[in-house]
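Residue-level listing of the chains:
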Amino acid sequence: MHTTSKKAAISFIFITLLIDVMGWGLIIPVMADLIAQLKHIPVNEASTYGALLLSVFAITQFLFAPVVGNLSDRYGRRPVLLLSLLGFGIDYIILALAPHYWWLFIGRVIAGITGASFTTATAYIADISTDETSKAKNFGLIGAAFGLGFVLGPALGALLATWGIRAPFYAAAVLCLLNCLYGYFLLPESLSKENRRPFEWKRANPFGSLKFLTRHPEIGGLAFSFFLIYLGSQSVQGNWNFFTIYRFNWSEKMVGISLAVVGVLVGAVQAGLTRVINPKIGNEKSIYLGLSLYALGLLLFAFATQGWMMFAFLIPYCLGGICGPSLQSVISGHVPPNQQGELQGALTSLMSLTTVVGPLIMNSTFAYFTSTRAPFYFPGMHFLIGAVCMMLSVIITYKVLTREKKENPELASVIKGSAPVGETPMH
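These numbers come from a predicted model, not from an experiment.

Cut-offs and rules
- Residues numbered from 1 in each chain as written.
- Predicted model: local features only at pLDDT ≥ 70, side-chain atom pairs only at ≥ 80, totals over all residues.
- Heavy atoms only, no water.
- Helix = DSSP H or I, 4+ residues; strand = E, 2+ residues; numbered from the N terminus.
- Axes fitted to C-alpha atoms, helices over the stretch in contact; angles between N-to-C directions.
- Parallel < 35°, antiparallel > 145°, perpendicular 65-115°, else oblique.
- Contact = heavy atoms within 4.5 Å.
- Nonpolar A, V, L, I, M, F, W, Y, C, P; charged D, E, K, R; others polar.
- pLDDT = per-residue confidence, 0-100.
- Core = buried A, V, L, I, M, F, W, Y, C linked by side-chain atoms within 4.5 Å.
- Buried < 20%, exposed > 50% of the residue type's maximum accessible area, 1.4 Å probe, protein only.
- Domains from an automatic or database assignment.

Caption draft 1: Representation of the environment of E200. Its place among the elements puts E200 in the loop between helix 7 (167-186) and helix 8 (201-204). Expressed as a C-alpha distance, the spacing of E200 and V67, which sit 133 residues apart in the sequence, is 9.1 Å.

Here it is, written out as structure tokens:
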């Protein structure tokens, strides 16, 4: 692939991921009201039905991400990316037109099945990155897209909502379909035909794809570390608004401002700071430092006593984002080019699995330790569990990488080398 084509392709991947995040962000401000309207119930009761939509999306994505990853190893990244965008466009049209709640369910199932943009985009980046340094720069766009989308999406959604409750859904659909057209005419294929492999169902089922990660002990260990990072992050993702409203009496506006701050910090870390720090200290140190910062941020959240502290403690937490890309770089360095799609599908399945089980664990912990049934009152207990997940991840990664450097000198350069930049778990 020529340099010009590579630049165009990387731009497309960035826009695809940005639209993916923005599309969901666009509809967040109005989703609660839409569900309440369709179910003819108050917004607080509608939250249960909103959780069901999140769950069905996560479960569907868990089941289908490895299928889509394997399809991209067989037929190439381009057609899978375009079908993914088309699927998201159809999803948003269904949500926009929905006369009944179950239509929303159908839309989220379609989005879960076709929601391969992250899986296939990361495989695409792995295809076109010729060395660890270029991989570092290219993966950086993933985190930047998540951060920027996380800021722009909800803000734009709130603005569009003034034109009607359905307007943000139409806007999200238009964005996806326009990007699909753009990709159809301009996106080159990244996976050469000689690097493709036959599609195998046994590799494409989610549990089979997770077995892929255990074929080598080092991948299994690092994948478990990856799982713990995303499980720990669910203490923030699933509970941020509940915790801050309950603990500090925050308004919805204040919650929105805090999420915008998260988006700005994530974008700054991934698009700027990581590109400076990671090449200087390398993959291994980036992983240890990032995970330690995640753990510190979560620990501080758990013991915060004033609302302003949550803003201050977001800084170390978001700085932890320097670890994810480095860990992903080390994991991807273990597999050949024709298995990158399968690997990314398996990692996406792990992430989806944490989205299914994480909120259940964290939300129930939060509810229990703010109830009269708890042995002691501690609203931040779920953050403490998240911090423990991060520290366990540090220990596991250290043991695996220390052993690998001794047993496999060829991987030592990947472990120590400069890192790609991925997204922070809060997105």
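Caption draft 2: Examining the packing of helix 3 (residues 77-97) against helix 4 (residues 101-114) more closely. Running from amino to carboxyl end, helix 3 crosses helix 4 at an angle of 170°, the nearest separation of the two axes being 8 Å. With respect to helix 4, the element helix 3 is oriented roughly antiparallel. Contacts between helix 3 and helix 4 involve L83, S84, G87, F88, I90, D91, Y92, I94, L95 and L97 from the first element and W103, L104, I106, G107, R108, I110, A111 and T114 from the second. Of the residues assigned to the contact of helix 3 with helix 4, the class counts are 12 nonpolar, 4 polar and 2 charged.

Caption draft 3: Representation of the confidence of the model for the protein within the structure. Here the protein shows a mean pLDDT of 79. Residues at 70 or above account for 83%. Confidence scores differ between elements of the protein, with helix 17 (residues 409-416) showing the lowest mean pLDDT of 60 and helix 13 (residues 307-319) the highest of 95. Across residues 419-427, confidence stays below pLDDT 50; counting only partners more than four residues off in sequence or on other chains, it has 54 contacts.

Caption draft 4: Highlighting the nonpolar core. In terms of nonpolar packing, the biggest core is built from 78 residues, with L213, F301 and M310 touching the most fellow members. Residue assignment places this core across two domains, with domain 1 (1-185) and domain 2 (203-419) each supplying three or more. Once residues lying within four places of it in the same chain are set aside, the contact partners of M310 are W240, F243, T244, F248, W250, F301, A304 and F383. The next biggest cluster of nonpolar side chains, apart from the first, holds 22 residues, and it includes F88, A96, A98 and A172.

Caption draft 5: Examining the environment of V335 more closely. When you line up the elements, V335 lands in the loop between helix 14 (323-332) and helix 15 (340-368). In this structure V335 comes out as buried when scored by relative accessible area, which is 11%. Distance in space between the C-alpha atoms of V335 and I219 is 9.4 Å, their sequence separation being 116 residues. Residues contacting V335, with those up to four places away along its chain left out, are F212, I219, Q340 and L343.

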